[in-house]
Amino acid sequence: MNNKTIYKDAPEYCGYYFDLIQSDDLFSEFEKSKELTLNVFELISPELENYSYLSNKWTIKEVFRHIIDMERIFAYRAFRFSRFDETELSGVEENDYIEKVKQTDVKLSDLQEEYLAVRNSTIWIYRNIKPEMLDFKGTANKQPYTARTLGFAMIGHNIHHCNFIKTKYLNQ
């Protein structure tokens with residue numbers, strides 16, 4: 001990202017995700033990361049869907065499930081903050097979420113369809129957020145965020161996991 005001022009409106013760990021993003025154009029980056037993710041889905045053969053590069057790591061389908069779950073959570077937080085909601089929101093334990101919903105029996109094509117539905121819904125949420133609504137600072141998991149920082153965090157989080165699938169799971 002070119003605009004480094006956004007870094008101050010999010011927890012420090014988000015800086016890593018922000019650094020993965022090429023521009024400051026939220027909608028363009030939502031679309032680019034969506035295309036990246038769809039391309040990664042297409043790289044997965046049926047033999048690799050339930051593959052994990054180490055025994056204690058998530059499978060490829062679980063990584064996609066995680067991307068979807070976290071986008072839902074981040075989008076919900078962004079929606080609440082864009083409505084100037086001051087209620088502190090709780091955190092989540094990502095490993096517990098994956099553990100509760102093992103993905104070996106779900107079809108990869110269903111995960112892809114769900115990803116598209118969630119991403120398109122997220123884009124619609126952001127289309128209806130006025131510029132002044134993007135920068136209301138709320139708290140989630142005891143950390144400060146704005147709808148803007150959550151949008152870019154979603155994008156960077158998505159890119160991170162797609163890159164991880166390509167390097168760790170597919171050796172690209």
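Residues numbered from 1 in each chain as written. Predicted model: local features only at pLDDT ≥ 70, side-chain atom pairs only at ≥ 80, totals over all residues. Heavy atoms only, no water.

Participant: Would you take a moment to explain helix α3 (residues 60–82) for this structure?
Facilitator: Given 3.6 residues per turn, any residue in an α-helix points the same way as the ones three and four places further on. Spanning 23 residues, α3 covers 33 Å between terminal C-alpha atoms, matching the ideal 33 Å at 1.5 Å per step. Here α3 lies mainly inside the structure; 20 of its 23 residues are buried. Where α3 ends, the next residue or the one after it, phenylalanine 84, has phi of about 60 degrees, a positive value. (Helix = DSSP H or I, 4+ residues; strand = E, 2+ residues; numbered from the N terminus. Expected span 1.5 Å × (residues − 1). Buried < 20%, exposed > 50% of the residue type's maximum accessible area, 1.4 Å probe, protein only.)

Participant: It is not clear to me how the side chain of arginine 65 should be interpreted in this structure. Could you clarify?
Facilitator: In this fold, arginine 65 is placed in helix α3. The buried category is assigned to arginine 65, whose relative accessible area is 9%. In terms of polar contacts, arginine 65 uses its side chain to reach the side chain of glutamate 114, at 2.7 Å. (Polar contact = N/O pair within 3.5 Å; in protein donor to acceptor, adjacent residues only side chain to side chain.)

Participant: Where do I start with helix α6 (residues 147–169) in this structure?
Facilitator: For α6, which comprises 23 residues, the first-to-last C-alpha distance of 32 Å matches the rise-based estimate of 33 Å (1.5 Å per residue) to within 8%. Positive phi shows up at asparagine 171, right after α6, with a value of about 55 degrees.

Participant: What is the right way to read the nonpolar core from this model?
Facilitator: Nonpolar side chains in soluble globular proteins tend to be buried together. With 30 residues, the main nonpolar core has Phe18, Tyr126 and Phe152 as its most contacted residues. When contributions to this core are tallied by element, the ones reaching two or more residues are α1 (14–19), α2 (26–43), α3, α5 (108–127) and α6. Of the residues forming this core, the biggest block, 7 residues, is contributed by α6. Non-local contacts of phenylalanine 152, meaning those with residues more than four positions away in its chain, are made with Met1, Ile6, Phe18, Ile21, Ser23, Asp24, Asp25 and Leu26. One finds Leu38, Phe41, Trp58 and Cys162 within the second-largest nonpolar core, a separate group that totals 19 residues. (Core = buried A, V, L, I, M, F, W, Y, C linked by side-chain atoms within 4.5 Å. Contact = heavy atoms within 4.5 Å.)

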